[in-house]
Amino acid sequence: MPFDSSASQSTIQFVAYVCTDQGAAVARSVVERSGGKSDRLHGGGLSGAARLCSDVPPAQFVLTEIGNIPVEMACECVSEIRRSGANVIVLGEQTDINTYRALRKAGALEYFTFPVNADEILAVQGEETVPIELPRPPAQCPSIAVIGSNGGVGSSLLAQNLAFHAASSQGANLRTALLDADLFFGSQAIDLDRDETPGLFEALKAPDRIDQTFIGATMDHISDHLSLYSHQIRVGQDAQSYEAGLSRLFAPLRTEFDTLVTDLPRNTLMQHPDIAEQIEALILVIPAGFSGVNAASRLIERIKVQSPKIRILPVLSELRRDAALSRKDVAKTIGLDVIATLPRCDTVVMRAHRAARPLIESQPRSPYAKEIRAIWKAAVARTPATGDRVRRPLMKRIFG
């Protein structure tokens with residue numbers, strides 16, 4: 001018996017994401033017969049539906065087409081859509097029972113293989129659905145990045161000391177990952193007199209491979225609580241291809257560690273704005289000079305447009321005197337409160353560098369170390385609980 005669309009228009013609402021002409025023809029019929037308009041028919045297939053599910057009007061039913069993506073990724077897409085509260089119906093060419101079972105287990109209301117007609121799809125909405133208990137996404141640790149508005153302001157030094165404070169038993173005592181995201185001139189391994197970690201580039205090429213075993217084999221484990229990724233590009237290697245994988249590296253690291261500290265070059269953030277989606281607190285180090293404040297203002301303006309949810313924490317650096325602008329003047333110009341001032345301390349910095357040790361470890365009572373602890377406290381003060389975060393790494397694996 002054909003499905004009576006007139007009886008369903010008050011209870012059913014479809015939005016469709018397809019990727020073939022065959023899928024589009026079926027979806028168009030379903031959307032029209034359920035009382036929807038043509039603007040509820042989109043391209044992109046199942047992966048596009050998952051990427052956009054939080055940005056489209058609420059839909060009671062999402063009709064999608066699996067296309068050529070792997071079944072494992074298709075299942076994660078289904079789970080992503082289900083978290084938005086919509087029911088998911090999947091269309092595809094795959095006829096094996098394993099695909100059907102996997103998609104149903106992931107939360108799909110139904111999976112239809114072609115050929116299929118609108119009556120069959122619309123009839124599904126009348127079936128009694130049982131709520132599916134979806135697995136909780138892996139907990140992800142706080143992500144803190146340090147960036148300098150200019151070169152030579154001590155941002156790498158700050159990132160290093162924050163990571164050591166996070167890992168130290170006298171500090172936060174957390175399992176910490178320090179990621180040196182400067183693939184051209186990253187200095188973390190060199191400054192600490194450690195071997196570089198070529199496994200970083202392996203991870204950037206295949207982020208999906210990263211698990212506890214991979215991390216154990218490729219990171220430099222400086223201590224029981226601190227691990228490092230730091231490696232410089234070599235002649236003949238394409239930095240752009242490796243940098244493209246940076247945003248996808250955050251999720252597995254944040255799953256395996258208690259906190260992640262990233263030494264992030266400003267150019268890398270500007271060229272790959274998707275990285276900002278993986279950062280909760282961005283510590284911006286600013287010199288007390290006109291060019292530094294101007295650069296900081298431009299960075300803040302751009303970051304707020306691209307990633308309005310990120311917390312920007314300005315820090316004034318006295319390591320470069322420049323025009324010696326006051327903390328108050330800098331804060332007024334950039335429109336944000338300055339949370340700390342890194343004092344000039346040439347002698348203790350020199351001793352720390354010669355010993356290849358972080359300053360907070362070699363001089364724990366110094367004014368610089370005191371500011372490090374204040375910056376750490378500010379960075380984690382408003383970090384949401386890991387279970388409350390919105391999980392986005394899947395989409396970065398697809399489109400990153």
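Because the structure is predicted, anything quoted here is derived from the model rather than measured.

(A) A look at the confidence of the model for the protein chain. Summarising the model, the protein chain shows a mean pLDDT of 85, and 86% of its residues fall at 70 or more. The low-confidence segment residues 126–136 (pLDDT under 50) makes 11 contacts with residues lying over four places distant or belonging to another chain. Scored below 50 in pLDDT, residues 383–400 makes 47 contacts in the model with residues more than four places away or belonging to other chains.

(B) Region of interest: the nonpolar core. Judged by nonpolar contacts, the single largest core of 48 residues is most densely connected at L253 and L269. Each residue touching L269, except ones within four places of it in the same chain, is listed here: I147, L264, I275, A276, L282 and I303. Formed by 36 residues, the second largest nonpolar core is a distinct cluster that contains L157, A159, V285 and A379.

(C) Layout of empty space enclosed by the protein. If you walk through the whole model with that rule in mind, you get 1 cavity of 30 Å³ or more. If you add up the space inside the largest cavity, you get close to 50 Å³. Surrounding the largest cavity, L157, Q160, D191, L192, V349, A352, H353, A356, R357, P358 and L359 form its lining. Those elements that provide at least two residues to the lining of the largest cavity are α6 (155–167) and α15 (346–354). If you tally residues by element for the lining of the largest cavity, the top one is α15, at 3 residues. Taken together, the residues of the lining of the largest cavity sort by class into 7 nonpolar, 2 polar and 2 charged.

(D) A look at the packing of aromatic side chains. Applying the stated criterion across every chain yields a total of 3 aromatic pairs. Geometrically, the ring pair formed by F14 and F61 is stacked, given 5.2 Å between the ring centres and 25° between the ring planes. Of this pair, F14 sits in strand β1 (residues 14–18) while F61 is found in strand β3 (residues 61–65), placing the two residues 47 residues apart along the sequence. Like F14, the residue F61 is buried in the burial classification. Measuring from ring centre to ring centre gives 6.2 Å for F184 and F185, while their planes differ by 35°; the resulting arrangement is tilted. Look at F184 and you get partly exposed, because its relative accessible area is 40%. Its end group placed over the ring of Y242, K205 keeps NZ or CZ at 5.1 Å from the ring centre.

(E) Geometry of the side chain of E243. Along the polypeptide, E243 turns up in helix α10 (residues 239–243). Buried and unpaired, E243 has no salt bridge, with K205 as the nearest side chain of opposite charge at 12 Å. Setting aside its immediate chain neighbours within four residues, E243 contacts L183, F184, T268, Q271 and H272.

(F) Just unusual backbone geometry, in detail. Here the residue pair F114 and P115 is connected by a cis peptide bond, since its omega of 0° sits within 30 degrees of zero. Within the secondary structure layout, P115 lies in the loop between β5 (110–113) and α5 (118–124). Unlike most non-glycine residues, D193 shows phi in positive territory, near 55°. Relative accessible area serves as the criterion here: at 63%, D193 is assigned to the exposed category. Of note, the phi angle at D322 is positive, near 45°, even though the residue is not glycine. Residue position: D322 is located in the loop between β12 (311–317) and α14 (327–334). When its relative accessible area of 40% is taken as the criterion, D322 is described as partly exposed.

(G) Looking closely at α14. For α14, the complete set of buried residues consists of V330, A331 and I334. Angular distribution of buried residues about the axis of α14 spans 95°; they occupy a single face of the element. Facing away from the buried side of α14 by over 90 degrees, the exposed positions are K328, K332 and T333. Residues of α14 that are buried in the fold lie against β11 (281–287), α13 (290–306) and β12.

Cut-offs used in this document
Residues numbered from 1 in each chain as written. Predicted model: local features only at pLDDT ≥ 70, side-chain atom pairs only at ≥ 80, totals over all residues. Heavy atoms only, no water. pLDDT = per-residue confidence, 0-100. Contact = heavy atoms within 4.5 Å. Core = buried A, V, L, I, M, F, W, Y, C linked by side-chain atoms within 4.5 Å. Buried < 20%, exposed > 50% of the residue type's maximum accessible area, 1.4 Å probe, protein only. 1 Å grid on protein atoms, 1.4 Å probe; cavity = no way out; pocket = protein on both sides within 12 Å on 5 of 7 lines; lining within 4 Å. Points joined across faces, edges and corners; volume = space filled by probe spheres on them. Helix = DSSP H or I, 4+ residues; strand = E, 2+ residues; numbered from the N terminus. Nonpolar A, V, L, I, M, F, W, Y, C, P; charged D, E, K, R; others polar. Phe/Tyr/Trp six-rings, centres within 6.5 Å; stacked < 30°, edge-to-face > 60°. Lys NZ or Arg CZ within 6 Å of the ring centre and 35° of its normal. Lys, Arg positive; Asp, Glu negative; His and termini not counted. Salt bridge = Lys/Arg side-chain N within 4 Å of Asp/Glu carboxyl O. Arc of directions from axis to C-beta.

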